[in-house]
Amino acid sequence: QVQLVESGGGLVQAGGSLRLSCAASGTSFRINSGAWYRQAPGKQRELVAAISSGGSTSYVDSVKGRFTISRDDAKNTVYLQMSSLKPEDTAVYSCKASSGTRWYWGQGTQVTVSS
């Protein structure tokens, strides 16, 4: 059974940093591509960042230059480094990852940025 376990969320002041981790478990599941989504209260879920199997990355405009998505194949983990955080970054962040055949979701982690 495949599980994605997220960690690293929490409360931070505006201007601060957090690093989210999305670790995959499952005997035969190796992360090939990954993405981070977020959903703020009363808003639709949005794609924040994605990384392809080849390592190409993409970001929503609002986080460009502040967030970095990366993948550690040895640890089978996808990361989201978040810097210069703003109150509007407050949301539940969820990871999605694929081994190339199907996608799986993590349970989500809360990020709260205080002003």
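Below, the structure is looked at part by part.

**Notes on the overall build of the chain**
Piece 1. A count of helical and extended segments in the chain gives zero helices and eleven strands.
Piece 2. When the helices and strands of the chain are listed from N to C terminus, the series reads β-β-β-β-β-β-β-β-β-β-β.
Piece 3. A principal-axis box enclosing the C-alpha atoms of the chain has dimensions of 45 × 25 × 25 Å.
Piece 4. Counting every position in the chain, which comprises 115 residues, the buried fraction comes to 42%.
Piece 5. Of the contacts formed within the chain by residues at least 6 apart in sequence, a portion of 54% connects residues at least 24 apart.
Piece 6. Approximately 6,100 Å² of the chain is accessible, and the part contributed by carbon and sulfur atoms is 45%.

**Some details on the sheet that holds strand E8 (residues 77–82)**
Piece 1. Within the open sheet, the four strands sit side by side as E1-E3-E8-E7. Their pairing is antiparallel. Of all strands in the sheet, those bounded by a partner on one side alone are strand E1 (3–7) and strand E7 (67–72). Between one strand axis and the next, the sheet turns through 15° on average, direction left out of account.
Piece 2. Bridge count for E1 against strand E3 (residues 18–25) is five bridges, and the pairing is antiparallel. Counted as the bridge partner of glutamine 3 is serine 25 from E3.

**Thoughts on the packing of aromatic side chains**
Piece 1. According to the stated counting rule, one finds two aromatic pairs in the structure shown.
Piece 2. Between the aromatic rings of phenylalanine 29 and tyrosine 104, the centroid separation amounts to 5.2 Å while the plane-to-plane angle is 85°, which identifies the pairing as edge-to-face. Pair noted here: phenylalanine 29 is in the loop between E3 and strand E4 (33–39) and tyrosine 104 is in strand E10 (residues 103–105), with a separation of 75 residues, a long-range link.
Piece 3. The buried category is assigned to phenylalanine 29, whose relative accessible area is 3%.
Piece 4. Judged by centre distance (4.9 Å) and plane angle (55°), the rings of tyrosine 37 and tryptophan 105 are tilted. Linking tyrosine 37 in strand E4 with tryptophan 105 in strand E10, this pair joins segments that are 68 residues apart in sequence.
Piece 5. Under the relative-accessibility criterion, tryptophan 105 is labelled partly exposed at 36%.
Piece 6. The ring of tyrosine 37 is capped by arginine 45, whose NZ or CZ atom sits 5.6 Å from the centre of that ring.
Piece 7. Stacked on the ring of tryptophan 103, the Lys or Arg lysine 96 has its end atom at 4.9 Å from the ring centre.

**A look at the nonpolar core**
Piece 1. Residues Leu4, Trp36, Phe67, Leu80, Met82 and Tyr93 are the most contacted members of the largest nonpolar core, which totals 27 residues.
Piece 2. Only E3, strand E5 (46–51), E7, E8, strand E9 (91–98) and strand E11 (109–114) provide two or more residues apiece to this core.
Piece 3. Aside from chain neighbours lying at most four places away, what touches methionine 82 is Gly16, Ser17, Leu18, Leu20, Arg66, Phe67, Tyr93 and Val111.

**Overview of unusual backbone geometry**
Piece 1. Even without being glycine, asparagine 76 reaches a positive phi, approximately 55°.
Piece 2. Here asparagine 76 shows up in the loop between E7 and E8.
Piece 3. The class for asparagine 76 is buried, based on a relative accessible area of 6%.

Parameters at a glance
- Residues numbered from 1 in each chain as written.
- Predicted model: local features only at pLDDT ≥ 70, side-chain atom pairs only at ≥ 80, totals over all residues.
- Heavy atoms only, no water.
- Helix = DSSP H or I, 4+ residues; strand = E, 2+ residues; numbered from the N terminus.
- Buried < 20%, exposed > 50% of the residue type's maximum accessible area, 1.4 Å probe, protein only.
- Contact = heavy atoms within 4.5 Å.
- Areas by Shrake-Rupley, 256 points an atom, 1.4 Å probe, with all protein chains shown as cover.
- Pairing = 2+ DSSP bridges.
- Axes fitted to C-alpha atoms, helices over the stretch in contact; angles between N-to-C directions.
- Phe/Tyr/Trp six-rings, centres within 6.5 Å; stacked < 30°, edge-to-face > 60°.
- Lys NZ or Arg CZ within 6 Å of the ring centre and 35° of its normal.
- Core = buried A, V, L, I, M, F, W, Y, C linked by side-chain atoms within 4.5 Å.

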